[in-house]
Amino acid sequence: MSTTAETATGIRPFHLEISDDELTELRRRITATRWPSGELVADRSQGVQLSPLQKLARYWVTDYDWRKAEARLNALPQFTTEIDGVEIHFIHVKSSHENALPLIMTHGWPGSVIELLEAVGPLTDPTAHGGDAEDAFDLVVPSLPGYGFSGEPTELGWNVGRIAQAWAELMRRLGYTRYVAQGGDVGASVTDAMGRQAPEGLAGIHMNLLVTALGGGAMPADTEPERAAIEQTKTFRATGFGYFLEQATRPQTIGYALLDSPVALAAWMLDHDTDSYEKISRAFVDGQPSGGLTRDHILDNITVYWLTGTGASAAREYWESGRAQALAAGQAPPEVSLPVGFTTFPGEIFRAPRSWVEQAYPTLTYFNEAGKGGHFAAWEEPELFATEIRAAFSQVR
């Protein structure tokens, strides 16, 4: 007989099954949307434009099939386990190749495990995607606390540092004594925290967003790439920072709209960086997807937030991490002593110069400027993304 503690810390299979009634209610709410008048400018400077959002809503009601996404998720090994009082959902795909390197990969906002699904095959079965057997990974892809199929924290303190500790515990429970970690966006913050905490078994980290440069502190501006990156961060803070500021200061306020209106949720999730917004808009307005950023995959991700009702709880993570940063202001974070890999993609919020990455991570062992891809690199360019991950961790195998 198992004890309550053993049951709580056990690994349990997870199967997703959404009722027809929930999908009918979703379509009803979309159809009942009260639309504002159109923006008074020709660009996105007033926010998400009316045309792409109406086309998204129309497709969501008439053509989109959630059951395909549900089947795709259920075809992968999914599990849950309780860590520190929160039920954590994760995908765990073991490679058929021997000596595969365990990798925990973390999504961001406004993403979910959906944004990483295209990379599962290339990472776990590299021989089918142009790689070698020795490039294989055992892949663990958790849903962040309060996001998607993971439970919502019911107490304060779930910032990226606490999530990093939870991920180390998850890998321990899975029996991995040596592993690596990767992340972009919020996932980059979690991965950065893991590198600084250096839990036993973590052999290296890779990121594709330089979170240390987003705090607004002074950065070197001696070279043209450095000056260009500074201008890009200024543009982001001046014109693309609205969602960040609201979620970091008033997540509950925006949460009411995100839980009540599917179209409000979609608009909020689209209003991210300019590159991603333009690519998503083209997918709906012009029928021109950018790699994996297809209409269906975009709606798979938004629909996960809607069906799980996690718009507000995901936003609270920004508040938690902002609060933790404020409390730690003036204190130098621990150095990262592990090997660090970094890839900068051209469509990212800013293209991090190598000098900035080396300043943040003196143990940098891999750096590359990719030729294509943006903020959702694993989604847009999964094959290229997987190639970067293989290269970054080749030295720690």
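The notes below deal with the structure included here. Fair warning: this is a prediction, and the values are worked out from it, not measured in the lab. (Residues numbered from 1 in each chain as written. Predicted model: local features only at pLDDT ≥ 70, side-chain atom pairs only at ≥ 80, totals over all residues. Heavy atoms only, no water.)

Right, let's talk about the sheet that holds strand E6 (residues 179–183) for a bit. Sheet architecture is open: nine strands sit in the order E1-E2-E3-E5-E4-E6-E7-E8-E9, paired in mixed fashion. Edge positions in the sheet fall to strand E1 (12–13) and strand E9 (364–369), since each has one partner strand and no second. In this sheet, strand E7 (residues 202–207) lies alongside E6 in parallel orientation, the contact comprising five bridges. From the neighbouring strand, Ala-181 faces E7, where its bridge partner is Ile-205. Across the sheet, helix H7 (residues 186–197) lies against strand E4 (101–106), E6 and E7, angled at about 150 degrees from E7, the strand it touches most. (Pairing = 2+ DSSP bridges. Helix = DSSP H or I, 4+ residues; strand = E, 2+ residues; numbered from the N terminus. Contact = heavy atoms within 4.5 Å. Axes fitted to C-alpha atoms, helices over the stretch in contact; angles between N-to-C directions.)

The next thing to look at is the side chain of Ser-276. Here Ser-276 is to be found in helix H12 (residues 274–285). By relative accessible area, Ser-276 is classed as buried at 1%. Setting aside its immediate chain neighbours within four residues, Ser-276 contacts His-375 and Phe-376. (Buried < 20%, exposed > 50% of the residue type's maximum accessible area, 1.4 Å probe, protein only.)

Moving on to the pairing of E7. Counting buried positions along E7 yields six of six residues, so the element is predominantly enclosed. For the crossover that starts at E6, traverses H7 and ends in the parallel E7, the hand is right-handed. (Right-handed = clockwise from strand over helix to strand, strands pointing away.)

Within this structure, the stated rule accounts for two cavities of 30 Å³ or more. When its volume is computed, the largest cavity comes out at roughly 90 Å³. Together, 15 residues line the largest cavity, and Glu-115, Leu-116, Gly-184, Asn-208 and His-375 are the ones closest to its centre. For the lining of the largest cavity, the elements supplying multiple residues, two or more each, are E6 and helix H16 (377–380). (1 Å grid on protein atoms, 1.4 Å probe; cavity = no way out; pocket = protein on both sides within 12 Å on 5 of 7 lines; lining within 4 Å. Points joined across faces, edges and corners; volume = space filled by probe spheres on them.)

It is worth spelling out the environment of Gly-121 at this point. By the element assignment, Gly-121 lies in helix H5 (residues 120–124). Classification of Gly-121 by relative accessible area gives partly exposed; the value is 24%. Each C-alpha atom, one on Gly-121 and one on Ala-229, is 33 Å from the other, the two residues being 108 residues apart in sequence. When near neighbours in sequence (up to four residues on either side) are disregarded, Gly-121 contacts Pro-126 and His-129.

With that out of the way, let us pick up the environment of Ala-228. Following the sequence through the fold, Ala-228 ends up in helix H8 (residues 224–239). With 122 residues separating them in the primary sequence, Ala-228 and Phe-350 have C-alpha atoms 8.4 Å apart.

With respect to the helices, strands and loops of the structure, Val-180 is situated in strand E6. On the accessibility criterion, Val-180 (0% relative accessible area) is buried. C-alpha of Val-180 to C-alpha of Leu-202: the two residues are 22 residues apart in sequence and 5.6 Å apart in space.

An α-helical segment advances 3.6 residues per turn. Residues three or four places apart therefore align on the same side. If you check H8, its first and last C-alpha atoms are 22 Å apart, about what 16 residues at 1.5 Å a residue would give, namely 22 Å. Listed in full, the buried residues belonging to H8 are Glu-226, Ala-229, Ile-230, Thr-233 and Phe-236. For H8, the arc enclosing every buried residue in end-on projection is 125 degrees, short of the 170-degree limit, so these residues lie on one face. Structural note: H8 exposes Glu-224, Ala-238 and Thr-239 on the side pointing more than 90 degrees away from its buried face. Of the surrounding elements, those touching the buried residues of H8 are helix H9 (242–249) and helix H15 (354–360). (Expected span 1.5 Å × (residues − 1). Arc of directions from axis to C-beta.)

Moving on: the pairing of E6. Counting buried positions over the five residues of E6 gives five, a clear majority of the element. Residues Tyr-179, Ala-181 and Gly-183 line one face of E6 and the alternating positions Val-180 and Gln-182 line the opposite face, and both faces are buried. Two elements, E4 and E6, share four bridges in a ladder whose sense is parallel. By the bridge assignment, Thr-106 is partnered in E6 with Gly-183.

Outside of glycine, negative phi angles account for most residues, and trans bonds account for most peptide bonds. Looking along the chain, the bond that leaves Trp-109 and enters Pro-110 is cis, with omega of 5 degrees. Take Pro-110: it is sitting in the loop between E4 and H5. Phi at Asn-99 takes a positive value of approximately 60 degrees, unusual for a residue other than glycine. Residue classification places Asn-99 among the exposed positions, given a relative accessible area of 72%.

Let us now look at the packing of aromatic side chains. Under the definition given, this model contains 16 aromatic pairs. Joined through ring pairs, the aromatic side chains of Trp-109, Phe-236, Phe-241, Tyr-243, Phe-244 and Tyr-318 make up one cluster. Positioned above the aromatic ring of Tyr-277, the side-chain terminus of Arg-44 is 4.9 Å from the ring centre. Seen from the ring of Phe-137, Arg-397 lies directly overhead, with NZ or CZ sitting 4.4 Å from the centre. (Phe/Tyr/Trp six-rings, centres within 6.5 Å; stacked < 30°, edge-to-face > 60°. Lys NZ or Arg CZ within 6 Å of the ring centre and 35° of its normal.)

On to the packing of helix H3 (residues 50–62) against helix H11 (residues 262–270), then. At a minimum axis separation of 11 Å, H3 and H11 run at an interaxial angle of 130 degrees. Here H3 is positioned oblique relative to H11, judged by the angle of their axes. Every pair of crossing elements has a handedness; the one defined by H3 and H11 is right-handed. Here Leu-53, Leu-56, Ala-57 and Trp-60 of H3 lie close against H11, whose contacting residues are Pro-262, Val-263, Ala-266, Ala-267 and Leu-270. Of the residues contributing to the contact of H3 with H11, the split by class is nine nonpolar, no polar and no charged. (Parallel < 35°, antiparallel > 145°, perpendicular 65-115°, else oblique. Left-handed = near helix turned anticlockwise from the far one by under 90°. Nonpolar A, V, L, I, M, F, W, Y, C, P; charged D, E, K, R; others polar.)

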